[in-house]
Every structure is written in C-alpha cells, then in structure tokens.
Amino acid sequence: MKKLSLIIATFVSSLILVACGQSASNVSSDNWSNYETNKTITIGFDNTFVPMGFEQKDGSYTGFDIDLATAVFEKYGITVKWQPIDWDMKESELNKGTIDLIWNGYSATDERREKVLFTDTYMKNEQVLVSKKTSTISSVKDMTDKKLGAQAGSSGYSDFEANPDILKNQVANQEATQYQTFNEALIDLQNDRIDALLIDRVYANYYLEQEGILNDYNVFSAGFNTESFAVGARKADTTLVSKINEAFKELYKTGKFQEISQKWFGEDVATDDIK
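Rules behind the numbers
Residues numbered from 1 in each chain as written. Predicted model: local features only at pLDDT ≥ 70, side-chain atom pairs only at ≥ 80, totals over all residues. Heavy atoms only, no water. Axes fitted to C-alpha atoms, helices over the stretch in contact; angles between N-to-C directions. Helix = DSSP H or I, 4+ residues; strand = E, 2+ residues; numbered from the N terminus. Parallel < 35°, antiparallel > 145°, perpendicular 65-115°, else oblique. Left-handed = near helix turned anticlockwise from the far one by under 90°. Contact = heavy atoms within 4.5 Å. Pairing = 2+ DSSP bridges. Buried < 20%, exposed > 50% of the residue type's maximum accessible area, 1.4 Å probe, protein only.

### As for the packing of helix H4 (residues 64-74) against helix H11 (residues 256-265)
Where H4 meets H11, the axes come as close as 10 Å, and the angle between the chain directions of the two elements is 165°. Looking at the two axes, H4 sits roughly antiparallel to H11. Where H4 crosses over H11, the handedness of that crossing is right-handed. Within the contact between the two elements, H4 uses Phe64, Asp67, Leu68 and Ala71 and H11 uses Lys256, Phe257, Ile260, Ser261, Lys263, Trp264 and Phe265.

### Some words on the sheet that holds strand S10 (residues 148-151)
Here five strands make up an open sheet; going across it, the order is S11-S10-S12-S9-S13 and the pairing mixed. In this open sheet, the two strands that pair with only one neighbour each are strand S11 (176-179) and strand S13 (217-221). This sheet shows a mean twist of 30° between the axes of neighbouring strands, independent of strand direction. Bridging between S10 and strand S12 (residues 196-200) involves two bridges; their strand directions are parallel. Each residue of the ladder has a partner; that of Leu148, found in S12, is Ala196. Running at roughly 115° to S12, helix H7 (residues 155-162) makes contact with strand S9 (127-132), S10, S11 and S12 of the sheet. Along the sheet, helix H8 (residues 182-190) makes contact with S9, S10, S11, S12 and S13, crossing S12 at roughly 150°.

### What about H7?
When we look at burial in H7, the residues that qualify are Ser155, Gly156, Tyr157, Asp159 and Phe160. As for H7, its buried residues are in contact with helix H6 (110-113), S9, S10, S11, S12 and strand S14 (227-229).

Encoded structure:
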C-alpha cells in the first residue's frame, strides 16, 4: 500500500511539474546539460525593439540580437526559441523559468546584477531624448515643465528615477508617462501627447532613419552614463554564461560578429570585453 501511495505521489508531482513548466530545482541549478540534451533554449525579448530584436510584418523575428544569439548557439548545436515578453516583467519571467535568457539590448546595471547573472558586455549604448524639430526642445535644459515619455522597465526609466537632478526634477510633475513599448511612446510623441521621449540611441536612430523621418526630430544625450548591453541569465546558470562568453570571442575572432554588426549598424560596435 505504501509503495502504491509513493507511485501515485510521484505521478502527481510529475504532472504538477509539467503543468508549471520548468521545476524549481531546474530554475536553481546549472542547466547547461539540459540545453545541450534538448538542443533548445528560450530567450525572452521585447519584439518591438528595433534594431535589436523585433517582429516583422510576416510574423518572423529579426534584428542584431536575433542574429547574434543565433550565431552563438549554432556553435553548440542549440536552436533558439524566441519568446516575446512584457519587458517590465523580464527578471520575473527569467527567475520563474518561463525563459532561460534575457537578450534584447539589455543594459547591465548594478541594480539588475542583484537579480541576474550577466555575460560579458558586447555593445555600448546611451540614453537619448527625442523631440520634434518643430518644438523648442533640443537639450536637457529645455525640458523644464515638459511632458516626458519612457518605456516601463527600461534602463532609461531606471536612470530617470535614480538620478533626479539630471532630468526628473525638471519635467512636468517630476514624472514620465510609462509605455509598454517604444512604438506606443513614439505614436504619442508624433501626436504631441508628450514633448520628448527617453529612449535608447540605437533604437531612436534606427527607427527614425528607417521611417525616413530622422531629419524631423532632434536626438540628443539625456545626460546619463553610457550603458553596456549584455545577456542576462539566472545566477545558477554559470556554465551557460561561460559558453556565451566563449562564443562571443570566437565570433569576433572569425569576423562573424563584425559581419552582423555591419549589417545592422554599418560599423563594428563590439566592446573590448569580446575583442
């Protein structure tokens, strides 16, 4: 009877683990052997963040990070499954096992290091303000009592909150309207519902140029420190992070990284960490 009870309990536990996705033990363990065995890994990303990773009209995903991650895991015979996520919930999705990595123009900040394990940085970025040229806003000092927009959960919004003397204390109500995606924010900027948008330079330049409207907007530094993009993993996934770092260096050595960089930015954007 005890044996039967044990079998039933084990069966029920298995069903619970399947229903919940990844088990708690896997979430708190080094999972590299599982990725190798299953030949797949799930990466969470914001599917509107051009040119890093975004969804095309036909439903496929493309971007600098898409190409780079694909090249990294091809080295290990692992296929990437791309999972669009609410960017504001990215660390929660990672640590509950819904995704295995955060890879999409993800800035390595001290605050985030408390929650995730970062790879080497592979690209630099900075936060900028975007305003219409028809406005009177062309520098941070022009933002006094102006309406600001930012993406919820972005490093730009974190900088905004953490360094109030730079921008927050100047803008209207000392707050920024938060948006789930940059696209929503840009629509409000175009329609004068906000006066300026706090955004990643890589996104601003690429989007505005692709839309043919770059000359209609001012793009200028928000005054925060330069950021570095890296890949975020669970703290237990130390082997995974090491493997990504190894692949970064090999891709740069073979010229593949530069090829991907030229495709999306027209220049070599690699940091010294991977050269």
